[in-house]
Amino acid sequence: MDERKRLEELRRQLTELDQEILRSIERRARIAHEFAKLRTGTARFAPTADAAHVQALERAVTPPFPQRAVRPIFVAIDAASRAFEVAPRVAYLGAEGDYGWTAAHDHFGIGGEFVRADSPLAAIEEVARSRADFAVVPYESFKEGPIFPTIQAIGGADLKVVGERQLVQALDLVNRTGSLADVERVYSSPQDHVACVNYLELQHPRALVLDVRGPQAAWDLAAENEGSAAIVPRGFAGGGQELRVARENVGDEGELRIRYAVLSRLPSPRSGHDATAVLFSVHDRPGALHDILQHFKERSCNLRRVHSRPVPGEGWDYVFYVEVSGHTTDRALVAALEGVKRETKMLKIIGSFPLERPDPPHERA
């Protein structure tokens, strides 16, 4: 077979396979729709391809197909499979292309209507007042720990954490040529400008730095204007004219790991690979915290995180944040929380949610 005929045969095979894939996705969408209808009383718009399922697919990959390609493919398929549902309205933090926007799109894919909020409290308010179905807000920094004002606001609004998204936040400098010598002006969102102020002063002291609305605007202006560069989140692809990375990781603090929480008025259904977040305060007596945590130990509930913060305006009173493996419907956790409730001054269940990457089996209760 000559080369031309071979190419035609391969093209025919690709066409047939693509048709088979399309029919399979359509069947999956119908099954996902039936699956979602059975999720009564819970946040229905949750991924049907949960983290454990995706991890199993990653392990099933046959080389040389890259394992890292599996997750984005199936997240996109999962989002497309929700075509029969009404697209949820999702409040996120920041500008288009920023980290909050990325976390929201990672979770909901193409199946959402995304609206910008100016602060975590504003995003929480959108859901609390039923103007949005979900919110995606920064929840924990792996440098500073849980973001207590946000967690307390979630509890105060009686919302539930129903999902998580973890992002490695890093900023790159991009321009047309990929050369630092060509940088005469830099476009950046205000928050990214602040995050890179030392780098810009040291490496580009003569460059004009101009604040714009967000990464997409910075990208577009850098693409249009010769001698311009943009500061954008790593991996951001603005579309239109392609830009090249001139310098990676230009943030003054380097890479930052941030966990985002997905919030809803309704709780998340049990996935089998969940964590539960709890907020509580204790009575002022010796051994109070020990007695509370003992309830989790006695029922073999694995504590994943324990943090504390002083309560503003309450003297030396503290509020504790605990994250434990399991779902609030799990029998052991139900019993543990009943015991905890008897011992605490205040107890608030912030939510049970499927882990983005499940704990290894030996770490789960």
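The structure this text deals with has already been given above.
Colleague: Just give me the short version of unusual backbone geometry, but keep the residues and values in it.
Modeller: Looking along the chain, the bond that leaves Pro63 and enters Pro64 is cis, with omega of 10 degrees. The phi torsion at Asp158 lies on the positive side, around 60 degrees, for a residue other than glycine. Locating Asp158 in the fold gives a position in the loop between helix H6 (148–156) and strand S5 (160–169). Of note in this structure, Asn249 is not a glycine but carries a positive phi near 55 degrees. With respect to the secondary-structure elements, Asn249 resides in the loop between strand S10 (244–247) and strand S11 (256–264).

Colleague: Kindly report on the sheet that holds strand S6 (residues 171–175), identifying the contributing residues and their values.
Modeller: The strand order across the open sheet built from five strands is S8-S7-S9-S6-S10, with neighbouring strands paired in mixed fashion. Every interior strand has two partners, whereas the edge strands, strand S8 (208–211) and S10, have only one. For this sheet the average axis-to-axis angle between neighbouring strands, irrespective of direction, equals 35 degrees. Two strands pair when backbone bridges link them, and strand S7 (residues 185–188) and strand S9 (residues 228–233) are joined in this way by three bridges, in the parallel orientation. Directly across from Tyr187, in S9, lies its bridge partner Ala230. Sitting on the sheet, helix H9 (residues 215–224) is in contact with S6, S7 and S9, with an inclination near 155 degrees to S9.

Scoring rules and cut-offs
Residues numbered from 1 in each chain as written. Predicted model: local features only at pLDDT ≥ 70, side-chain atom pairs only at ≥ 80, totals over all residues. Heavy atoms only, no water. Helix = DSSP H or I, 4+ residues; strand = E, 2+ residues; numbered from the N terminus. Pairing = 2+ DSSP bridges. Axes fitted to C-alpha atoms, helices over the stretch in contact; angles between N-to-C directions. Contact = heavy atoms within 4.5 Å.

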